[in-house]
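Below are the chains, spelled out letter by letter.
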Amino acid sequence: MNTVHRSLRWLFALGLIIGLSGCGRGCARKDAQLHRLLDRIEEFRLDNGMLWLLVERGDAPVFTGVVQVRVGGIDETPGKAGLAHMFEHMAFKGSREIGTTDPVQEEALFQQIRAVDQTLGAAAAAGHSTEVERLAAERARLAKAAQGFVVPNEVWKLLHDNGAAEVNAFTSKDITGYYARLPTNMLELWMYLSANMVGHPVMREFYAERDVVMEERRTSVDNSPRGRMYEALLGTAFQVSPYRIMAIGSMPEIAGLTMADAEQFHAAHYIPNQMVGILVGHFDRGAAKAAIRKYYGGLPAKLKQEREFPAEPEQLAERRVEIRFDAGASVMLAYHKPPLPDRADYVFDALQQILCEGETGRLRRRLEQELQLARSVRCQSGSPGGRLANLFLIEAQPLEGHDPDEVIDAIEGELKRLREVPVAISELAKARTNLEADFLWGLNSNENLAQQLAYFQSVAGDWRYVVEHSTVMATITPEEVWKVAAAYLQPTQRTVAVLRKP
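This write-up is about the structure you can find in this document. (Residues numbered from 1 in each chain as written. Predicted model: local features only at pLDDT ≥ 70, side-chain atom pairs only at ≥ 80, totals over all residues. Heavy atoms only, no water.)

1. Some details on helix α19 (residues 478–488)
So, step 1. The complete set of buried residues in α19 reads P478, E480, V481, V484 and A485. The buried residues of α19 all sit within an arc of 160° when viewed along its axis, so they share a single face. (Buried < 20%, exposed > 50% of the residue type's maximum accessible area, 1.4 Å probe, protein only. Helix = DSSP H or I, 4+ residues; strand = E, 2+ residues; numbered from the N terminus. Arc of directions from axis to C-beta.)

Right, dumping it as structure tokens:
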């Protein structure tokens, strides 16, 4: 469960959450919260297929709005990696109504740019470098002319000048999301802006923004030790899955993206039945529904062509990749696991807690405290996504003077113990308690609740996963944890990435 918050030990420390071994009033309180939440969530589906979840609560006159689209890096075609992420940037560039002084003249220039792009692509494929340079210069001239019609940052200004906070967007391999918190009386403004952002984006300043994304890649991957490691790990662990490529894409692929690519991608994937909208907070339900119909009801219904993703072949032997980088040593171990909502995925949520969460997580206690081999250890279940079979990831940074293989051996020692001996009931109960603490914390914040509802509707196919997770977790047994560890956490099934100095 990729919950937004996972480490809220203070709830446990304050006795606000009661473990399963002593459930009593704690379970009653949790069940009451679940029922109150379920009672408050109203599904509202438009005729075009877009689903909205409305959660009225609180007295403060603010609401959080989220629109999430079930489209991410796995939906890109080969050679076009990074397109899904481009929309995270392009959405804030506006539409034909927002961000321009003259949409007609601007579109005329866009048509010329598209024509140049087509010729440029043919020239590049034929290896005509001189012609490529000439056409690239012509495209730059046209883009500069189009720039003359741009109203800079109009979407941002409209949001921030009207009290918006927490305005942002994100892209993963599975989904793309847009969100903001606004005063209640700005509900209609947010509907208007968000519908324009996701429904009617214009590829304004596309090539300038493409340069921004390329710089983002240099910073987050090419010049980042963790980015370099993670990219190498994914490319080694997966052989055919689209999860083998990072959501940001490779530099050559980003550099080759065009306006036409982006427009085709939007037409294929930004369709109402692949979108979910969430409102959480203080608002009038009738007014909200009227605004949803007004601004989102006109998006045309379409059927998305469902794509068949190839099954990853079974891994029968360890795979290893080494990266040389001028930074402290680091190791990553990745193990293949099933996607949401497979029952084993729930068990991995428990394993993440047992191995890495808190000072008493097995790996943290063993590697950081007892052996003093590593300065940090962390686990992540569901990397890099949850729609397809994915990875259980363990990362550790060896302390100075210790070789990465010492750390890998120590991690394997703890996993071997998991494979051979079922965890104690009390240890599993503690893991569940911590997961419930995260869950209950997520209910308290409008932002967290909205993000979690949107995530599980998009990825698991049903927002109720949020409220049913703890019920399923309560049925997980020590024997089940042992069986899952034995089935998935074998040395022959792992992929290891090691970073060392040159």
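And the narrative resumes.
2. Side note on the side chain of R139
So, step 1. Locating R139 in the fold gives a position in helix α5 (residues 129–147).
So, step 2. What makes R139 buried here is its relative accessible area of 13%.
So, step 3. Discounting chain neighbours no more than four positions away, the residues touching R139 are I113, V116, D117, L120, Y207 and R210. (Contact = heavy atoms within 4.5 Å.)

3. Side note on the pairing of strand β8 (residues 330–337)
So, step 1. Burial within β8 is extensive, with 8 of its 8 residues counted as buried.
So, step 2. Side chains S330, M332, A334 and H336 of β8 all project onto a buried face; the interleaved residues V331, L333, Y335 and K337 project onto the opposite face, where all are buried too.
So, step 3. Across 6 bridges, the pairing between β8 and strand β11 (residues 494–500) is antiparallel. Considered in β11, the bridge of M332 is made with A497.
So, step 4. Pairing analysis gives 7 bridges linking β8 to strand β10 (residues 390–398), with the strands arranged antiparallel. (Pairing = 2+ DSSP bridges.)

4. Topic: the layout of surface pockets
So, step 1. Approximately 980 Å³ is the volume found for the largest pocket.
So, step 2. If you trace the largest pocket, you find 36 residues lining it, with F170, T171, S172, Q380 and P384 closest to the centre.
So, step 3. Looking at the lining of the largest pocket, the elements with two or more residues in it are α3 (83–90), β4 (165–171), α8 (206–222), α9 (225–237), β9 (374–383) and α17 (446–459).
So, step 4. Here the lining of the largest pocket is composed, by residue class, of 13 nonpolar, 16 polar and 7 charged. (1 Å grid on protein atoms, 1.4 Å probe; cavity = no way out; pocket = protein on both sides within 12 Å on 5 of 7 lines; lining within 4 Å. Points joined across faces, edges and corners; volume = space filled by probe spheres on them. Nonpolar A, V, L, I, M, F, W, Y, C, P; charged D, E, K, R; others polar.)

5. Observations concerning unusual backbone geometry
So, step 1. That bond from L340 to P341 is cis: its omega, -10°, falls within 30 degrees of zero.
So, step 2. Tracing the sequence through the fold places P341 in the loop between β8 and α13 (343–356).
So, step 3. Of note, the bond from S383 into P384 is cis; its omega dihedral lies within 30 degrees of zero at 0°.
So, step 4. Relative to the helices and strands, P384 is located in the loop between β9 and β10.
So, step 5. We note that E205 has phi near 55°; this positive angle belongs to a residue other than glycine.
So, step 6. Along the chain, E205 falls in the loop between α7 (187–199) and α8.
So, step 7. The backbone of Q372 sits at a positive phi, close to 50°, despite the residue not being glycine.
So, step 8. Along the chain, the position of Q372 falls in the loop between α14 (362–370) and β9.

6. What to know about the nonpolar core
So, step 1. Residues W52, Y178, W190, M191, F206, L279 and Y296 are the most contacted members of the largest nonpolar core, which totals 88 residues.
So, step 2. The biggest single contributor to this core is α7, with 8 residues.
So, step 3. Other than its neighbours up to four places away in sequence, W52 contacts E42, E43, F44, L46, V67, W190, M191, G277, I278, L279, I292 and Y296.
So, step 4. With 65 residues, the next largest nonpolar core counts V276, L367, I411 and L449 among its residues. (Core = buried A, V, L, I, M, F, W, Y, C linked by side-chain atoms within 4.5 Å.)

7. As for the pattern of salt bridges
So, step 1. Enumeration over the complete set of coordinates arrives at 42 salt bridges.
So, step 2. Note that E395 and R226 form a salt bridge whose closest N and O atoms lie 2.7 Å from each other. One end of the pair, E395, is in strand β10; the other, R226, is in helix α9, with 169 residues separating them in the sequence.
So, step 3. Connected through shared salt-bridge partners, E318, R320, E322, R324, D403, D405, R494 and R500 make up one network. (Salt bridge = Lys/Arg side-chain N within 4 Å of Asp/Glu carboxyl O.)

8. Some points on the pairing of strand β7 (residues 319–324)
A regular strand places its side chains so that they alternate between the two faces of the sheet.
So, step 1. Alternating positions in β7 separate cleanly, R319, V321 and I323 being buried on one face and R320, E322 and R324 remaining unburied on the opposite face.
So, step 2. Where β7 lies against β11, 6 bridges are found, and the strand directions are parallel. Its bridge partner being in β11, V321 is matched across the sheet by A497.

9. Some points on the packing of aromatic side chains
So, step 1. Applying the stated criterion across every chain, the model contains 15 aromatic pairs.
So, step 2. Ring plane angle 85° and centroid distance 6.4 Å describe the contact between W52 and W190, whose orientation is recorded as edge-to-face. Residue W52 is located in strand β2 (residues 51–56), and its partner W190 is located in helix α7; the two are separated by 138 residues in the primary sequence.
So, step 3. Taking relative accessible area as the criterion, W52 reaches 0% and is therefore assigned buried.
So, step 4. Through a chain of ring-to-ring contacts, the aromatic side chains of W52, F63, W190 and Y296 assemble into a single cluster.
So, step 5. Of note, R139 hangs over the ring of Y207, and the distance from its end group to the ring centre comes to 4.1 Å.
So, step 6. Positioned above the aromatic ring of Y230, the side-chain terminus of R226 is 5.2 Å from the ring centre. (Phe/Tyr/Trp six-rings, centres within 6.5 Å; stacked < 30°, edge-to-face > 60°. Lys NZ or Arg CZ within 6 Å of the ring centre and 35° of its normal.)

Note that all results are geometric; they support no functional claim without further evidence.
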